[in-house]
Each structure stands twice: as structure tokens, then as C-alpha cells.
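# Examination of the molecular architecture
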Amino acid sequence: DAGVIQSPRHEVTEMGQEVTLRCKPISGHNSLFWYRQTMMRGLELLIYFNNNVPIDDSGMPEDRFSAKMPNASFSTLKIQPSEPRDSAVYFCASSKGTGNSGNTIYFGEGSWLTVV
Amino acid sequence: GDSVVQTEGQVLPSEGDSLIVNCSYETTQYPSLFWYVQYPGEGPQLHLKAMKANDKGRNKGFEAMYRKETTSFHLEKDSVQESDSAVYFCALTPPTGAAGNKLTFGGGTRVLVKP
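Reference entry: report on the structure contained in this document. Quick caveat, the model's predicted, so the values are computed rather than measured.

Thresholds, definitions, all that
Numbering of residues begins from 1 in every chain and follows the order in which that chain's sequence is written. Ligands are numbered from 1 and chains lettered from A, in the order in which they are written. Thresholds applied to this predicted model are a pLDDT of at least 70 for local features of residues and 80 or more for the giving and counting of side-chain atom pairs; totals over whole chains, interfaces and linings are not thresholded and use all residues. Note: side-chain values were computed over all heavy atoms of the structure, leaving out hydrogens and water. Helix numbers and strand numbers start at the N terminus; a helix is a DSSP run of H or I with at least 4 residues, a strand a run of E with at least 2. Using a 1.4 Å probe on the protein chains alone, a residue whose accessible area is under 20% of its type maximum counts as buried, one over 50% counts as exposed, and one in between counts as partly exposed. Two residues form a contact once any of their heavy atoms are found within 4.5 Å. The accessible surface values rely on the Shrake-Rupley method and a 1.4 Å probe; as for residues, cover is taken only from the protein chains in view. Charge assignment: positive for Lys and Arg, negative for Asp and Glu; neither His nor the chain ends contribute. Taken as the charge centre is NZ of Lys, CZ of Arg, CG of Asp or CD of Glu, depending on the residue. For the purposes of this section, nonpolar cores are sets of buried Ala, Val, Leu, Ile, Met, Phe, Trp, Tyr and Cys residues that join through side-chain atoms within 4.5 Å. The rule for a salt bridge is simple: a side-chain nitrogen of Lys or Arg has to be within 4 Å of a carboxyl oxygen of Asp or Glu. Counted as a polar contact is a pair of N or O atoms within 3.5 Å, where, for protein atoms, one must be capable of donating a hydrogen and the other of accepting one, and residues adjacent in sequence contribute only when both atoms are in side chains. Following DSSP output, two strands are said to pair if at least two bridges run between them. Whenever a helix is involved, its axis is fitted only over the stretch in contact; in every case the axis is a line through C-alpha atoms, and angles between N-to-C directions fall within 0 to 180 degrees.

What follows is about the overall build of chain B. Across its full length, chain B holds zero helices and 12 strands. Ordered by position from N to C terminus, the α and β elements of chain B give β-β-β-β-β-β-β-β-β-β-β-β. Its C-alpha atoms give chain B principal-axis dimensions of about 45 × 30 × 20 Å. Out of the 115 residues belonging to chain B, those deemed buried represent 44%. Considering only contacts within chain B whose residues lie at least 6 apart along the sequence, 56% involve residues at least 24 apart. Carbon and sulfur atoms make up 47% of the accessible area of chain B, which totals about 5600 Å². Of the charged side chains in chain B, 11 are positive and 13 negative, and the gap between their average positions amounts to 6 Å.

Listed below in C-alpha cells is the structure:
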């Protein structure tokens, strides 16, 4: 079975440019998460969707970040304008169900973003 | 809010040594507890989990006991192998509810097993 699919795997962009990261969750999963990983801050939850609806976006750093989930099989995380401090690995993850905290969350391989 | 604190930085056991990676958590509720493992260039993947107090998660010779009285979930293995080298994250999710699947991670512990 296909896992969580993210694109691009690697992106290098100049400061000020718009960056769009894409995610296809595992089929049948109805919870989707965007995490950011840096050396300084570790793994941070940015935003969490359930049934395509954003449930918790308290981790989104600022207005430059936005996320959408137009349907059950696709989500985007957009950074506009990008800044060097946004350089990180961005992970998308998905899981089945809600209300059951034991459900396994599956991570994609990450999008490695470098803003120069 | 919820928080997870685990052994900081790096541990360097030799092959065949025992391993303990400490994990303590803070939450106002009774969470589910997890250890995730991350290999270079990959996303974290579930290593083991425990859903309630006194449950023991097990996988590939690793164990972790959910201890409510000490709010801990230490990862242990009797004899490590080189292939166990990875970054290990302790994590929790709150119990049932809309945020039931939201993972809160510890800072990660790099385990580098010397041959």
C-alpha cells in the first residue's frame, strides 16, 4: 500500500518566494497533520485536519503560513513570503479515525526546504 | 499544555550493551504513549505504544512500560545492535476527543551503537 506521499522532496528557494508543499494522505485516513522538524525546536505540530476541516492551527507560526485540504486525498502547506528561518523538514502525516488516541499516525518522508 | 521530556542529545552504547532512554510526560489527562523511531532521510515511524497504565509496549526487543504513578515511559533494550542506531522520540496523544490523535513529541534522543 502507498504511504503518505509528499512533494517536493527537496526545495531550495530564495527569500521572499512562495513555497507550496503538497501531501497525499493514505487512502481511507481522515486525519491529516503537518509537522515541522528543526534541530533547535524538534518536531512541532503546525496544523491538524479532521475530515478536511482544520481542527487546530495553533502551531502555525505566523500569517505567512497557510494550509488547505480541499479534499480527502490532498493537502497543501504554503509559505508566502518565505524567509531563511523557515528552512526545515516539513512532514505530512495521516491517521484513521478520530476520538481514538491510539490510532497510529503515519508520516511521509518529508519535504526538505532551504530558503537562502 | 501537554509536554514530553526525554534523555537529551546522544547516547553511545556499544553493541551488546543494555539501553535505557528516559521519557517523562506531563498532561492533565490520561494519554496514550508512543515511541517513534526515525532513520536518516525518513519520517518518524511508530516503534511501540501503550494505551493505558501498566501496559507494556514491545517491538524488536525494545520494551516500554506505561507508569502512571511516575508519569514515565522509558524505552529499554537488553542488548542493542548496530541496526538500532536511530533517533528515538517519545510522544503522547490525549485521550478520546477531537484532539485525540494529536501527537506531542519529546525532543528526540540519538542512539548511536558502536560496533
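Core analysis: the largest hydrophobic core is formed by 23 residues, its most contacted members being B:Leu19, B:Trp35, B:Leu48, B:Phe73, B:Leu75, B:Tyr88 and B:Val111. When residues of this core are traced back to their parent elements, those giving at least two are strand 3 (19-21), strand 4 (23-26), strand 5 (32-38), strand 6 (45-50), strand 8 (62-65) and strand 10 (86-93) of chain B. Considering each element in turn, this core owes the most residues, four residues, to strand 10 of chain B. In this structure, A:Val4, A:Leu46, A:Ala67 and A:Met69 belong to the second largest nonpolar core, which totals 21 residues.

Turning our attention to the pattern of salt bridges. Per the stated rule, a full pass over the model turns up 13 salt bridges over all chains. As a salt-bridge pair, A:Arg85 and A:Glu83 come within 2.5 Å of each other at their nearest N and O atoms. Residue A:Arg85 is classed as exposed on the basis of its relative accessible area of 55%. A relative accessible area of 23% means that A:Glu83 is categorised as partly exposed. A salt bridge links B:Lys77 to B:Asp84; the shortest N-O distance between them is 2.8 Å. By relative accessible area, B:Lys77 is classed as buried at 8%. Among the residues examined, B:Asp84 registers a relative accessible area of 8% and is labelled buried. Overlapping salt bridges bring together A:Glu62, A:Arg64, A:Glu83, A:Arg85 and A:Asp86 as one network.

Glancing now at the side chain of A:Ser111. Residue and element names in this part refer to chain A. Along the chain, Ser111 turns up in strand 11 (residues 111-115). A distance of 2.6 Å separates a polar atom in the side chain of Ser111 from the backbone oxygen of Pro8. Setting aside chain neighbours within four positions, we find Ser111 in contact with Gln6, Ser7, Pro8, Arg9, Leu21, Ala88, Val89 and Tyr90.

Residue and element names in this part refer to chain B. With burial as the criterion, only one face of strand 1 (residues 3-6) is covered, namely that bearing Val4 and Gln6; the residues Ser3 and Val5 on the opposite face remain uncovered. In terms of strand pairing, strand 1 meets strand 4 through four bridges, oriented antiparallel. Across the sheet, Ser3 pairs through a bridge with Glu26, a residue of strand 4.

Glancing now at the environment of B:Thr104. Residue and element names in this part refer to chain B. Position of Thr104 relative to the elements: it lies in strand 11 (residues 104-105). The sequence separation of Thr104 and Phe34 amounts to 70 residues, and the corresponding C-alpha distance is 9.8 Å. Excluding its chain neighbours within four sequence positions, the residues that come into contact with Thr104 are Asp2, Ser3, Val4, Cys90, Ala91 and Leu92.

All names here are of chain B. Pairing within the open sheet is antiparallel, and its four strands lie in the order 3-9-8-7. Across the chains shown, the open sheet's two edge strands, defined by having one partner strand only, are strand 3 and strand 7 (56-59). With direction set aside, neighbouring strand axes in the sheet form an average angle of 20°. For strand 7 and strand 8, the ladder comprises four bridges, and the chain directions are antiparallel. By the bridge assignment for strand 8, Arg58 is matched with Glu63.

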